[in-house]
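Single-letter residue listing:
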Amino acid sequence: GASRPGVASSLRNRMSAGSAPCSTKVKRVFITGGTHGNEACGVVLAKHFIKTPQLFAGFSFEVSVLLTNVASIASNSRYVDEDMNRCFLQKDLSDPTRTSTLEARRAKELNDVLGPKGSADAADLIIDLHNTTADTGVALMMPPGDELSHAIASHLISLDPSVRVCNWNANQNDWPMLPSVGKHGMTFEVGAVPWGVMDGAVYQKTRRLVLASLQYVEAHNAALARQPPGPWLPTSVQVHAFVRAVDYPRDADGEIAGMIHPDFQGKDFEPLQRGDAAFLSVDGQTAIPFTPKPPPEEEAEAEQLYPFFINEAAYVEKKTAFMLARRFDRPVQAAQL
């Protein structure tokens, strides 16, 4: 990596750029559940919110709650034909021929309600409720440049220091996830929870933090309404920026030849070193170490890396055993509550 020393640092600068406060006056917020129909805490919480609109009375913005992949909720499955949380790229939403799957069609319907994506009419904020089988705790997934979502995250971290922030891939200009339809948006990933299972502690924490997010948005609007706007508190949030996904070991036939090592299981967001036992061979005895990518990508992995979504059940089909992130502090200008 010595030949291109500036690449990692310039990427990091781009990801951490911008600490001006978000200037969006929030008028419309959507809370969505059931994008994956078997992530039960998010589904049940959205249903609870739909039945208790008084929770959202008195805000300076409208809160709408809806169930997204209704068919997969009914079948208690992640999806019917394809992962709907990969159906929201602008090019797919605007492609009239992309209608072969139930999820592609439903994504277009949702885009009409939540968006249209990229338009002035799009929702100001989307909070999409998910669960993961990985031991992530509360992990907020968001675009690298989303000032409002990072400011909300800074408030949630002040209430619960275990909350983590993960950025979607900074090398992309668009993302296929549902919250990207809004002007601002994030995925509430909360785990570890098995598919189709309600976890009371996870449910309580998610409910509390979603409502706290709305309290922050109210403070944000109040700050924007003042003359001059503010006050804004300069702070920072620790961000985990996506680097790459790591596949399971495979044999000559392409079959999975190893599983997450017992010493690695549940170690989401803990430092991963070269040589650490990441996998256990199917012989049940042989540890397979983590090895960073060779050149030319090595300098992107010269920094300390942090794994997350370790052993996420839904990612086996995506050939992902875990994801890797680098960690940095991102400046944020937050409204004061």
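See the structure printed just above.
Reading guide: rules and limits
- Residues numbered from 1 in each chain as written.
- Predicted model: local features only at pLDDT ≥ 70, side-chain atom pairs only at ≥ 80, totals over all residues.
- Heavy atoms only, no water.
- Helix = DSSP H or I, 4+ residues; strand = E, 2+ residues; numbered from the N terminus.
- Rg over C-alpha atoms; globule rule 2.2 N^0.38 Å.
- Buried < 20%, exposed > 50% of the residue type's maximum accessible area, 1.4 Å probe, protein only.
- Contact = heavy atoms within 4.5 Å.
- Areas by Shrake-Rupley, 256 points an atom, 1.4 Å probe, with all protein chains shown as cover.
- Pairing = 2+ DSSP bridges.
- Axes fitted to C-alpha atoms, helices over the stretch in contact; angles between N-to-C directions.
- Polar contact = N/O pair within 3.5 Å; in protein donor to acceptor, adjacent residues only side chain to side chain.
- Salt bridge = Lys/Arg side-chain N within 4 Å of Asp/Glu carboxyl O.
- Expected span 1.5 Å × (residues − 1).
- Right-handed = clockwise from strand over helix to strand, strands pointing away.
- Parallel < 35°, antiparallel > 145°, perpendicular 65-115°, else oblique.
- Left-handed = near helix turned anticlockwise from the far one by under 90°.
- Nonpolar A, V, L, I, M, F, W, Y, C, P; charged D, E, K, R; others polar.

### Looking at the overall build of the protein chain
Scanning the protein chain for helices and strands turns up seven helices and twelve strands. Relative to the globule expectation of 20 Å for 337 residues, the C-alpha radius of gyration of the protein chain, 20 Å, shows essentially globular dimensions. Taken along the three principal axes of its C-alpha coordinates, the protein chain extends 60 × 45 × 40 Å. The buried share among the 337 residues of the protein chain stands at 53%. Taking contacts inside the protein chain between residues at least 6 apart in sequence as the whole, the part at least 24 apart equals 75%. Entry remark: accessible area of the protein chain is about 14500 Å², with carbon and sulfur atoms responsible for 53%.

### Details of the environment of glycine 37
Tracing the backbone shows glycine 37 in the loop between strand S1 (28–33) and helix H2 (40–51). The contacts of glycine 37, once residues within four sequence positions are left out, are Val43, Ser72, Ile73, Asn76, Ser77 and Arg78.

### Considerations on the sheet that holds strand S5 (residues 164–167)
Pairing in this open sheet of nine strands is mixed, and the strands run S2-S1-S3-S6-S4-S5-S7-S12-S11 from one edge to the other. Edge positions in the sheet fall to strand S2 (62–67) and strand S11 (305–308), since each has one partner strand and no second. With strand direction ignored, the average angle separating the axes of adjacent strands in the sheet is 35°.

### Regarding the side chain of serine 77
By the secondary structure assignment, serine 77 is in the loop between helix H3 (70–74) and helix H4 (90–93). A relative accessible area of 19% means that serine 77 is categorised as buried. Side-chain polar atoms of serine 77 contact the backbone oxygen of tyrosine 79, separated by 3.3 Å. Every residue in contact with serine 77, bar those within four places of it in the chain, is listed here: His36, Gly37, Asn38 and Ser72.

### Observations regarding the pattern of salt bridges
Throughout the structure, instances matching the rule amount to 13 salt bridges. Residues aspartate 83 and arginine 78 are paired through a salt bridge, measuring 3.1 Å at the closest nitrogen-oxygen approach. Of the two residues examined, aspartate 83 and arginine 78, each falls in the buried class. Here the residues in one salt-bridge network are Glu39, Arg78, Asp83, Arg86 and Lys318, joined through shared partners.

### Let's talk about the side chain of threonine 136
Inspection of the secondary structure assignment puts threonine 136 in the loop between strand S3 (125–131) and strand S4 (137–142). Aside from chain neighbours lying at most four places away, what touches threonine 136 is Arg164, Glu189, Val190, Gly191, Asp268, Phe269 and Phe309.

### Section: helix H7 (residues 200–225)
The end-to-end C-alpha distance of H7 is 38 Å, a good match for the 38 Å that 26 residues give at a rise of 1.5 Å each. Two or three places before alanine 201, at the opening of H7, aspartate 199 has a side-chain oxygen 3.1 Å from that residue's backbone nitrogen.

### Some thoughts on the pairing of S4
S4 sits mainly inside the fold: five of its six residues count as buried. Bridge count for S4 against strand S6 (residues 185–191) is five bridges, and the pairing is antiparallel. Within S6, the residue paired with alanine 139 across the bridge is glutamate 189. As judged from the four bridges shared by S4 and S5, these two strands associate in the parallel manner. Across the sheet, the residue bridging to methionine 141 is cysteine 166, located in S5. Between the parallel elements S4 and S5, the chain passes through helix H6 (residues 147–159) in a crossover that is right-handed.

### Re H6
In this model H6 runs 19 Å from its N-terminal to its C-terminal C-alpha over 13 residues, within 8% of the 18 Å that 1.5 Å per residue would give. Taking burial as the measure, the 13 residues of H6 include ten buried ones, the bulk of the element. Looking at H6, one finds that the buried residues are Glu147, Leu148, Ser149, His150, Ala151, Ile152, Ala153, Ser154, His155 and Leu156. Where H6 begins, the capping side chain belongs to aspartate 146, and its oxygen is found 3.3 Å from the backbone nitrogen of leucine 148.

### As for the environment of tryptophan 168
The residue tryptophan 168 is located in the loop between S5 and S6 in this model. When residues no more than four places from it in sequence are discounted, the contact partners of tryptophan 168 are Met141, Met142, Pro143, Pro144, Trp175, Met177, Pro179, Ser180, Thr187 and Phe242.

### A closer look at the packing of H6 against H7
Close contact between H6 and H7 brings their axes to 9 Å; oriented N to C, the two are set at 120°. In terms of axis orientation, H6 runs oblique to H7. H6 and H7 meet at a crossing whose hand is right-handed. For the pair H6 and H7, contact is made by Leu148, Ala151, Ile152, His155, Leu156 and Leu159 and by Leu209, Ala212, Ser213, Tyr216, Val217 and His220, respectively. Here the contact of H6 with H7 is composed, by residue class, of nine nonpolar, three polar and no charged.

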